[in-house]
Amino acid sequence: VVTLSHYGYWVGTAFFQAAVVFFFAAYGLAPPTSGGQILGLRSSGFVFMASTTLTVHSFLALYMSKWDVLSFGLYWMLSAPCFFWFAAIFCLPPLASGLSPPSVLAAQDAWSSGQTWLVLLISPWLAVLPALTWKYVHQRRAPALRQLVLELAASAVKREEIGHVEPRPLQEAKL
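So, the nonpolar core
The nonpolar side chains of a soluble globular protein tend to be buried, and buried together.
Consideration 1: Counting residues in each nonpolar core, the largest one holds 16 residues, and the members touching the most others are F46, F83, F84 and W111.
Consideration 2: Those elements that provide at least two residues to this core are helix 1 (4–29), helix 2 (41–62), helix 3 (69–90), helix 5 (106–111) and helix 6 (114–141).
Consideration 3: Every residue in contact with F83, bar those within four places of it in the chain, is listed here: F46, M49, A50, T53 and W111.

Examining a nonpolar patch on the surface
Consideration 1: A surface patch of nonpolar side chains, about 980 Å² in accessible area, is lined by L70, L74, L78, W85, F86, I89, F90, L92, L95 and L99.
Consideration 2: Breaking the nonpolar patch down by element, the ones donating at least two residues are helix 3 and helix 4 (93–99).
Consideration 3: Among the elements that make up the nonpolar patch, the one with the highest residue count is helix 3 (seven residues).
Consideration 4: Checked against the element boundaries, W85 lands in helix 3.

Describing the packing of aromatic side chains
Consideration 1: In total, this model carries eleven aromatic pairs according to the counting rule given.
Consideration 2: Summarising the aromatic geometry, the rings of F22 and F23 are spaced 5.0 Å apart at their centres and angled 75° between planes, so their arrangement reads as edge-to-face.
Consideration 3: Looking at F22, the relative accessible area reads 42%, which means it is partly exposed.
Consideration 4: Judged by its relative accessible area of 46%, F23 falls in the partly exposed class.
Consideration 5: Its guanidinium or amino end placed over the ring of Y63, K135 lies 5.0 Å from that ring's centre, counting from NZ or CZ.

Observations regarding the environment of W125
Consideration 1: Tracing the chain through its elements places W125 in helix 6.
Consideration 2: Here W125 falls in the exposed class, since its relative accessible area comes to 53%.
Consideration 3: Separated by 108 residues in the primary sequence, W125 and Q17 place their C-alpha atoms 9.8 Å from one another.

Some details on the packing of helix 1 against helix 2
Consideration 1: Where helix 1 meets helix 2, the closest approach of the two axes is 10 Å, and the angle between their N-to-C directions is 145°. You can see that helix 1 and helix 2 cross each other, and the crossing is right-handed. Of the residues in helix 2, those in contact with W10, T13, Q17, V21, F22, A25, A26 and L29 of helix 1 are S44, V47, F48, S51, T52, T55 and F59.
Consideration 2: Here the residues of the contact of helix 1 with helix 2 sort into nine nonpolar, six polar and no charged.

Criteria and thresholds
- Residues numbered from 1 in each chain as written.
- Predicted model: local features only at pLDDT ≥ 70, side-chain atom pairs only at ≥ 80, totals over all residues.
- Heavy atoms only, no water.
- Core = buried A, V, L, I, M, F, W, Y, C linked by side-chain atoms within 4.5 Å.
- Buried < 20%, exposed > 50% of the residue type's maximum accessible area, 1.4 Å probe, protein only.
- Helix = DSSP H or I, 4+ residues; strand = E, 2+ residues; numbered from the N terminus.
- Contact = heavy atoms within 4.5 Å.
- Patch = residues over 30% accessible without salt bridge, like charges linked within 9 Å, V, L, I, M, F, W, Y side chains within 5 Å.
- Areas by Shrake-Rupley, 256 points an atom, 1.4 Å probe, with all protein chains shown as cover.
- Salt bridge = Lys/Arg side-chain N within 4 Å of Asp/Glu carboxyl O.
- Phe/Tyr/Trp six-rings, centres within 6.5 Å; stacked < 30°, edge-to-face > 60°.
- Lys NZ or Arg CZ within 6 Å of the ring centre and 35° of its normal.
- Axes fitted to C-alpha atoms, helices over the stretch in contact; angles between N-to-C directions.
- Left-handed = near helix turned anticlockwise from the far one by under 90°.
- Nonpolar A, V, L, I, M, F, W, Y, C, P; charged D, E, K, R; others polar.

This is the structure:
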């Protein structure tokens, strides 16, 4: 059940992450001596989109309840890199010249810049860090019953080993 506070948390988190991604990328790609962008509008757009893609994937991975080999492979080896593959493919001259001529080699220009990789390494983690911290503190201070049961099941502890408590005798009903 989604309450108003849950909705407010998700909307607030989305605005915070969008602001971090935008301002970090905008100021991270600007050269210190001029007011323009070092990469240009098209290449900067690729960096914004790549940073947003990595931020969303990192945030959703934070809320993934259980990882296995298949989900990890599909998520991090197929879904996350798809943007990078398609950006590089659709900016090749044979495709981009017919689809969007100004985008020719824009992705390759962006990917060859060291500032791009710095922005892509730092901005998603800065955007996800408050949610990660909140989740860690919340799990440590007030873990959910489901989390406790999962940890006990993973450690193969039997119910009898948790703590021996003498059963209470049934009290007679007083009439």
